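In case you want the letters, here they are:
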Number of protein chains: 2
Amino acid sequence: MESWRDIGERSDFPLENLPYGAFRAHGGAVHLGVAVGEDVLDLAAVAQAGLIDDICERELLEAASLNPFLAAGPDCWTAVRERLTALLQLGGDARLRAANVDRFFVRQREIDMVLPAEIGDYVDFYSSIEHATNLGRMFRPDGEALMPNWRHLPIGYHGRASTVVIDGTPIVRPRGQRKPPQAALPTFGPSARLDIELEVGFIAGPGNAMGEPIAIADAREHIFGLVLVNDWSARDIQAWEYQLLGPFLGKSFATTISPWIVTLDALEPCRMAGPQQVPQPLPYLQTRDEWAYDIALAVDVQSQTMRERGIAPQTISRTTFAGMYWNMAQQLAHATSNGTAIRPGDLYASGTISGSTPDSLGSFIEMTWNGERPIELASGERRAFLEDGDEIALRGWCERGGSRIGFGAARGMILPAR
Amino acid sequence: MESWRDIGERSDFPLENLPYGAFRAHGGAVHLGVAVGEDVLDLAAVAQAGLIDDICERELLEAASLNPFLAAGPDCWTAVRERLTALLQLGGDARLRAANVDRFFVRQREIDMVLPAEIGDYVDFYSSIEHATNLGRMFRPDGEALMPNWRHLPIGYHGRASTVVIDGTPIVRPRGQRKPPQAALPTFGPSARLDIELEVGFIAGPGNAMGEPIAIADAREHIFGLVLVNDWSARDIQAWEYQLLGPFLGKSFATTISPWIVTLDALEPCRMAGPQQVPQPLPYLQTRDEWAYDIALAVDVQSQTMRERGIAPQTISRTTFAGMYWNMAQQLAHATSNGTAIRPGDLYASGTISGSTPDSLGSFIEMTWNGERPIELASGERRAFLEDGDEIALRGWCERGGSRIGFGAARGMILPAR
């Protein structure tokens, strides 16, 4: 599908993508936008021009966050997507062309992206069997790698909503309490085992009333789209605190998401069958629909030294989202099975995405096997865990039929502890 | 201190209390209010009458939630409290008396209370050593009752913000996945081990920027006041899911809070020294200030049968908040020690509050020792865990110098699973 706009051939954001975000241009008010090539279509301007009046309320796109649009539901999402496609494609409807949409674009490099939605609750799952198996082998070498419940339900926990930040936000190295196994007493100080977690998360809407679960067959109506997620983790803090109530300060200091929400509609060509589940899950987690998405993922690292020497970011891992054991529909059905209310804008992250080979792991703790086998950087440096000045970029994309549905990046640079 | 208003002698809400809440009268807009005896002083009306113009912005009290007021900080909180006291006390300032504040009262029984603040993040601690010891003895009879980390840091986890509900909200029995130890496979169905947790929580404000911890010496400036919290728990769901990432669906279906936030200023007469901590905590958790609050707590239950036979609610537990091992200042300093951002309105709950005697326990799982010793109700019924139709009321108050600083109640009735 061709646009009358000039969109680079390798862009993450062709006409087939149209991901949603929120931005501030020249210090002005926050507007919603859709990425198109290197530009952003200002949705507030589109709405103010009356171009969606026959589809939905202007207010949905004139808001300062996507929450009202997320609440509006899938019919509205699809109708707006179709309208934007019609406005942007080459040789489209003459009346729409006359709207002169060209006026409503701004350059991505001239704006600041902000969080696309207010995130009420953030849940993090643990849905890669390769990741869960790796950690089980590492920390319980004499037992079963997977806990007895793991194959029966998508394990998850609540994370911190207040520290979900957008691509590019610097990450201050957390301080915290930790006790190495051989030490007699805990100490307090900067984390010495700062890690990443490569994840993909979904943004929810419209959600359910408390007490009324979302059936797995209806999950599609409550999942708007996906973002990349870096669930930064301080392994030393986490190891000391997690018994018995799970992760808390080892995770809560920061979680980075990519700025553009790529819709399920855009990702439809990348949808495929996921891995077989053995044993078959309980009926409330069963679906015949295909819920895996073939999203290629990469982790890039660039150290301070690399930056200073002009050495480009180095890709240290490549994997795919397609192999996740538990899928998003199962996660959503499980999370609401007890009547928990979902609100528009809620973030549900997959858990660390690891493949089955050493070059496809989603965390340093796996890549370096608990720090024992440091990674060699192109600068000659070695990394067991993250050092100050390291910048991590998560990237994701799906390629189908010559077009690339991309996510952009979720980047963050480590600043020294304060 | 006497008021010109008629306040019942045993009221939870004398002039010394002045707790904050939010209400809707006759289906109208949400207003902020302060409880006085059996009435509520409408703060929007007070602000609109110009009675706080010399102290702070009217908008803080005209809002539909306390969040802006919480963000304003302790100087504003204290100034408004002093002004309200001056407006209400007998023989106060003649100019203020002329304001004719009597016009601004509504009857509590004629209004609907709503959540006093938008809760961005909800954290639940585990800070009663009696409770943690009881559960340790119950589930790990052959090991140490307390985990090795327990005396070094206030263990906590993130709960679900979307399902924090106000006093009186019915609680639908959650369904979920559970597997009794002797069963081969898990099943899905209504929780058979539905429980309460008697807790006290603090509401935060104004909070910190991400990356900038709140020192324990500054905790007072970020704790507005307290509410009663019932952290409803499905023990069967929790037991099967919690490894390795902690509580999730066993807790996320509902958390009830009392409607009035009782301020630290009001509770000042009830402040006292807490228990000695051994070993001494690390410096970031050390404080010489007294941070325990002598709040008496009670748990009442009334079954459907009791209601039908006109049998009054039965008090099944009485305890005090004063004995908590970890205090609120330590909880807040710990929770932000890694740079986590606190936002106005965040809820931090204490964890189940249990005393050292059998009649002072904060959960059924402790009172009935994992269901083995059911409670006898006045109706002749027995309870291992909650049955449909049971109503639980948590109550809390502090009595000092003849005045009672009360919390009202946090009530919830169990409805059958859907």
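Since this is a predicted model, take the numbers as computed values, not measurements. For every chain, the first residue of the written sequence is number 1, and numbering continues from 1 along that sequence. Both sets of labels track the order of writing: A upward for chains, 1 upward for ligands. In view of the model being predicted, local features appear only for residues whose pLDDT reaches at least 70, and side-chain atom pairs are presented and counted only at 80 or more, with totals across whole chains, interfaces and linings using the full set of residues. In computing side-chain values, all of the structure's heavy atoms are included and hydrogens and water are not.

So, about the sheet that holds strand S21 (residues 314–320) of chain B. Residues and elements named next belong to chain B. Only strands joined by at least two bridges in the DSSP assignment are considered to pair. Helix and strand assignments follow DSSP, with helices taken as H or I runs no shorter than four residues and strands as E runs no shorter than two, numbered in order from the N terminus. With respect to topology, five strands assemble into an open sheet ordered S9-S26-S25-S20-S21, the strand pairing being mixed. The open sheet terminates on both sides in strands that have one partner only, identified here as strand S9 (171–172) and S21. Here two bridges tie S9 to strand S26 (residues 403–415), and the two strands are oriented parallel to one another. Following the sheet pairing, Ile 171 is matched in S26 by Ile 414.

Attention shifts here to the domain arrangement of chain A. In many analyses, interface size is given as the accessible surface area lost on bringing the parts together. All names here are of chain A. An automatic or database domain assignment is the source of the domain bounds shown. Under the domain assignment, chain A is made up of domain 1 (20–114) and domain 2 (122–415). Look at where the C-alpha atoms of domain 1 and domain 2 centre, and you get two points 30 Å apart. Contact criterion: two residues are considered in contact whenever any of their non-hydrogen atoms come within 4.5 Å of each other. Taken residue by residue, the interface counts 19 residues in domain 1 and 16 residues in domain 2. For domain 1, the biggest contributors to the area lost against domain 2 are Tyr 20, Leu 70 and Trp 77; these three give 40% of the whole. The term salt bridge refers to a side-chain nitrogen of Lys or Arg lying within 4 Å of a carboxyl oxygen of Asp or Glu. Where domain 1 meets domain 2, there are zero salt bridges. Polar contact is the term for a pair of N or O atoms within 3.5 Å; when the atoms are in protein, one must be able to donate a hydrogen and the other to accept it, and sequence-neighboring residues count only if both atoms are side-chain atoms. For the pair domain 1 and domain 2, the number of links is three residue pairs in polar contact (both at pLDDT 80 or more). Elements supplying a minimum of two residues to the side of domain 1 that touches domain 2: strand S1 (20–25), strand S2 (30–36), helix H3 (67–72), helix H4 (74–88) and strand S5 (111–114). Its residues assigned to classes, the side of domain 1 that touches domain 2 comprises twelve nonpolar, six polar and one charged. When two parts are brought into contact, each loses some accessible area as probed by a 1.4 Å sphere; the total of that loss over both is the buried area. Any residue that is not Ala, Val, Leu, Ile, Met, Phe, Trp, Tyr, Cys, Pro, Asp, Glu, Lys or Arg is counted as polar, Gly included; the first ten are nonpolar and the last four charged.

The subject of this paragraph is the pattern of salt bridges. Side chains that differ in charge, positive against negative, can pair when their charged atoms come close. Residues and elements named next belong to chain B. A full pass over the atoms with the stated rule returns 52 salt bridges over all chains. Where Lys 251 meets Asp 231, a salt bridge forms, and the shortest distance between an N and an O atom there is 3.0 Å. With Lys 251 in helix H8 (residues 249–252) and Asp 231 in the loop between strand S14 (223–230) and strand S15 (233–234), this pair connects stretches of sequence that are 20 residues apart. When accessible area is computed with a 1.4 Å probe and restricted to protein chains, residues below 20% of their type maximum are described as buried, those above 50% as exposed, and intermediate ones as partly exposed. The exposure class assigned to Lys 251 is buried, which follows from its relative accessible area of 8%.

The interface is formed by 58 residues belonging to chain B together with 58 residues belonging to chain A. Buried area between chain B and chain A, summed over both chains or domains, comes out near 5500 Å², and the portion from carbon and sulfur atoms is 63%. Its largest share of buried area at the contact with chain A, chain B owes to B:Arg160, B:Leu245 and B:Phe248, together 14% of the area lost on that side. The interface formed by chain B and chain A includes six salt bridges.

All names here are of chain B. Pairing is antiparallel in the open sheet, where five strands are placed in the order S4-S3-S2-S1-S5. Edge positions in the open sheet fall to strand S4 (105–107) and strand S5 (111–114), since each of these has one partner strand only. Taken pair by pair, the neighbouring strands of this sheet meet at an average axis angle of 45°, ignoring direction. Fitting a line to C-alpha atoms yields each axis, with helices limited to the stretch in contact; the angle taken between N-to-C directions then spans 0 to 180 degrees.

Now for the pairing of strand S20 (residues 296–302) of chain A. Every other side chain in a regular strand lies on the same face of the sheet, so the side chains alternate between the two faces. Residues and elements named next belong to chain A. When you tally the buried positions in S20, you get six out of seven residues, the bulk of the element. Pairing analysis gives six bridges linking S20 to strand S21 (residues 314–320), with the strands arranged antiparallel. In the sheet register, Ala 296 faces S21, and the bridge partner there is Thr 320. The pairing of S20 with strand S25 (residues 391–400) spans seven bridges and is classified as antiparallel. Among the inter-strand pairings, Val 301 is bridged to a residue of S25, identified as Ile 392.

This part covers the relation of the copies chain B and chain A. Each copy of the sequence occupies a distinct position, and chain B is placed on chain A by a rotation of 180° and an axial shift of 0.0 Å, giving an RMSD of 0.0 Å. Viewed as a symmetry operation, the transformation between the two copies matches a two-fold axis. Using C-alpha coordinates, one finds that chain B approaches the rotation axis most closely at B:Gly246, a distance of 2.1 Å. The copies are overlaid by a least-squares fit using only the C-alpha atoms of residues whose pLDDT is at least 70 in both copies.

Moving on to the side chain of B:Gln331. All names here are of chain B. With respect to the element layout, Gln 331 can be found in helix H11 (residues 328–336). With a relative accessible area of 3%, Gln 331 lands in the buried category. One polar contact links Gln 331 to Ser 127, side chain to side chain, over a distance of 2.9 Å. In this view, Gln 331 contacts Phe 125, Ser 127, Pro 154, Phe 202, Trp 326 and Ser 350; residues no more than four positions away in its chain are not counted.

Residues and elements named next belong to chain B. Any two cysteine sulfur atoms lying within 2.5 Å of each other are counted as a disulfide. The full count for this structure, using the stated rule, is two disulfides over all chains. Here Cys 270 engages in a disulfide with Cys 398; their sulfurs sit 1.7 Å apart. Between Cys 270 and Cys 398 the disulfide shows an S-S torsion of about -95°. By sign, it is left-handed. Within this pair, whereas Cys 270 is found in the loop between helix H9 (264–267) and strand S18 (271–272), its partner Cys 398 is found in strand S25 (residues 391–400), the two being separated by 128 residues in sequence. For Cys 270, a relative accessible area of 0% puts it in the buried group. By relative accessible area, Cys 398 is classed as buried at 1%. As a non-bridged cysteine, Cys 56 has Cys 76 as the owner of its nearest cysteine sulfur, 3.8 Å distant.

With that settled, consider the nonpolar core. Core analysis: the biggest nonpolar cluster contains 157 residues, and A:Leu226, A:Leu267, A:Phe321, B:Leu226 and B:Phe321 have the highest contact counts within it. Once residues within four sequence positions are removed from consideration, A:Leu226 is found in contact with A:Val200, A:Gly201, A:Phe202, A:Trp260, A:Ile261, A:Val262, A:Leu264, A:Leu267, A:Ile295, A:Phe321, A:Met328 and A:Phe407. Only buried Ala, Val, Leu, Ile, Met, Phe, Trp, Tyr and Cys residues count toward a nonpolar core, and they belong to the same one when joined by side-chain atoms within 4.5 Å.

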